[in-house]
Amino acid sequence: MTTAALELKKMLEEKGVVLVAVSKTKPASMIQDFYDIGFRIFGENRVQELVDKHELLPKDIQWHMIGNLQKNKVKYIAPFVSLIHSVSSSSLLEKINNEAKKNHRRIPILLQLKIAEEYTKSGLEEQELTALAQEIQDNKYPHIIFKGLMGMATFTDDRDQLKLEFSKLTVCCQSLGKEAFDLGPSEHPTLSFGMSGDYELAVEEGSNMVRIGSKLFGARW
Ligand SMILES: *Cc1c(COP(=O)(O)O)cnc(C)c1O
């Protein structure tokens, strides 16, 4: 299993795509196995699990928060989290900014755009996202680093629908313009979309960061 995982990581790297290994529900020992073959970026969707695994595992792991984040829990991950994918309100952004400040750091974030039809999937409407991006540009949140956009598509095999949903992210990113983001000289905005079932299509459609769980670690129970 791990050799296949490594092949996938290399193949994506060659295309300039970052692979976030989504290790939620999987034990620390399994993450350590992936670490030992060269994986450094892991994604979790629960604060407590993220904190526990951060304590147990090597300190050069880059931990990504990919799930719904409650404001009162930001303080637990603020000291070490590498990227928060799922920011979808100004109040959460404000909280992250404050906790980052307390920790004398700036925290990289993505704004989550609502792209799915399913009402259960969260995220900002494009207008709300544009307004928040403007606030960021106006330096209202100096302790966050605005790296890009994230989205979760509908759970479906319908490629046309997936393409349509993914394209909302690339279009939104383009209309914001590169200046909206806080990037290094040769850095591009991060576009985090694509999971085990749809990452190939996501990469074709412009994703440069995929979040893959079950394909790497096996099914979750
Ligand atoms: C669980 C999860 C993933 C990974 O899902 P798989 O289908 O197991 O690859 C990706 N993104 C988010 C936000 C998740 O919660």
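Residues numbered from 1 in each chain as written. Predicted model: local features only at pLDDT ≥ 70, side-chain atom pairs only at ≥ 80, totals over all residues. Heavy atoms only, no water.

*Asks:* I'd like a rundown of the site of the ligand, residues and numbers included.
*Replies:* Taken together, Val22, Lys24, Ile66, Met152, Met195, Ser196, Arg211, Ile212, Gly213, Ser214 and Arg220 make up all the residues around the ligand. Ser196 has a polar side-chain atom sitting 2.5 Å from an oxygen atom of the ligand. The cavity that encloses the ligand is the largest pocket. (Near = heavy atom within 4 Å. Polar contact = N/O pair within 3.5 Å; in protein donor to acceptor, adjacent residues only side chain to side chain. 1 Å grid on protein atoms, 1.4 Å probe; cavity = no way out; pocket = protein on both sides within 12 Å on 5 of 7 lines; lining within 4 Å. Sits in = over half its atoms within 2 Å of the grid points.)

*Asks:* Please set out unusual backbone geometry residue by residue, giving values where relevant.
*Replies:* With a phi close to 55°, His104 is a non-glycine residue in the positive phi region. Position of His104 relative to the elements: it lies in the loop between α5 (90–102) and β5 (107–112). Taking relative accessible area as the criterion, His104 reaches 74% and is therefore assigned exposed. Its identity is not glycine, yet Asn139 carries a phi of approximately 65°, on the positive side. With respect to the secondary-structure elements, Asn139 resides in the loop between α6 (126–137) and β6 (144–150). (Helix = DSSP H or I, 4+ residues; strand = E, 2+ residues; numbered from the N terminus. Buried < 20%, exposed > 50% of the residue type's maximum accessible area, 1.4 Å probe, protein only.)

*Asks:* Break down helix α3 (residues 47–56) for me, with residues and values.
*Replies:* All buried positions along α3 are accounted for by Val47, Glu49, Leu50, Val51, Lys53 and His54. Those residues of α3 hidden inside the fold are in contact with α2 (28–36), β2 (41–44), β3 (62–65) and α4 (74–77). (Contact = heavy atoms within 4.5 Å.)

*Asks:* Pulling in residues and values, what's your account of the pattern of salt bridges?
*Replies:* Applying the stated criterion across every chain, the model contains 10 salt bridges. A salt bridge links Lys95 to Glu99, with the nearest nitrogen and oxygen atoms 3.6 Å apart. Remark: Glu99 and Lys95 occur in helix α5; sequence separation between them is four residues, near one turn of the helix. Here Lys95 falls in the partly exposed class, since its relative accessible area comes to 28%. In this structure, Arg159 and Glu204 form a salt bridge, with 3.9 Å as the shortest nitrogen-oxygen distance. One end of the pair, Arg159, is in helix α7 (residues 159–176); the other, Glu204, is in helix α8 (residues 199–204), with 45 residues separating them in the sequence. We classify Glu204 as exposed; its relative accessible area is 57%. What emerges from the salt-bridge pattern is a single network uniting Glu44, Glu49 and Lys53. (Salt bridge = Lys/Arg side-chain N within 4 Å of Asp/Glu carboxyl O.)

*Asks:* Explain the packing of aromatic side chains residue by residue, including any values.
*Replies:* Counted according to the given criterion, the structure contains five aromatic pairs. Measuring from centroid to centroid gives 5.3 Å for Phe34 and Phe39, while their planes differ by 80°, and the two rings are edge-to-face. Residue Phe34 shares its accessibility class with Phe39, and that shared class is buried. When the ring of Phe42 is compared with that of Trp63, the centres are 5.9 Å apart and the planes differ by 40°; the resulting orientation is tilted. (Phe/Tyr/Trp six-rings, centres within 6.5 Å; stacked < 30°, edge-to-face > 60°.)

*Asks:* So, the pairing of strand β8 (residues 209–212): which residues are in play, and what are the values?
*Replies:* Of the two faces of β8, the one carrying Met209 and Arg211 and the one carrying Val210 and Ile212 are both buried. Here strand β1 (residues 18–22) runs beside β8; their pairing, made up of four bridges, is parallel. Within the sheet, the bridge partner assigned to Ala21 lies in β8 and is Ile212. (Pairing = 2+ DSSP bridges.)

*Asks:* Tell me what's going on with the environment of Ile109, and back it up with residues and numbers.
*Replies:* With respect to the helices, strands and loops of the structure, Ile109 is situated in strand β5. You can call Ile109 buried: its relative accessible area is 0%. As a C-alpha pair, Ile109 and His85 span 24 residues in sequence and 5.9 Å in three-dimensional space. Here Ile109 is in contact with Leu83, Ile84, Val87, Leu93, Ile96, Ile144, Ile145, Phe146, Lys147 and Gly148, once residues within four sequence places are set aside.

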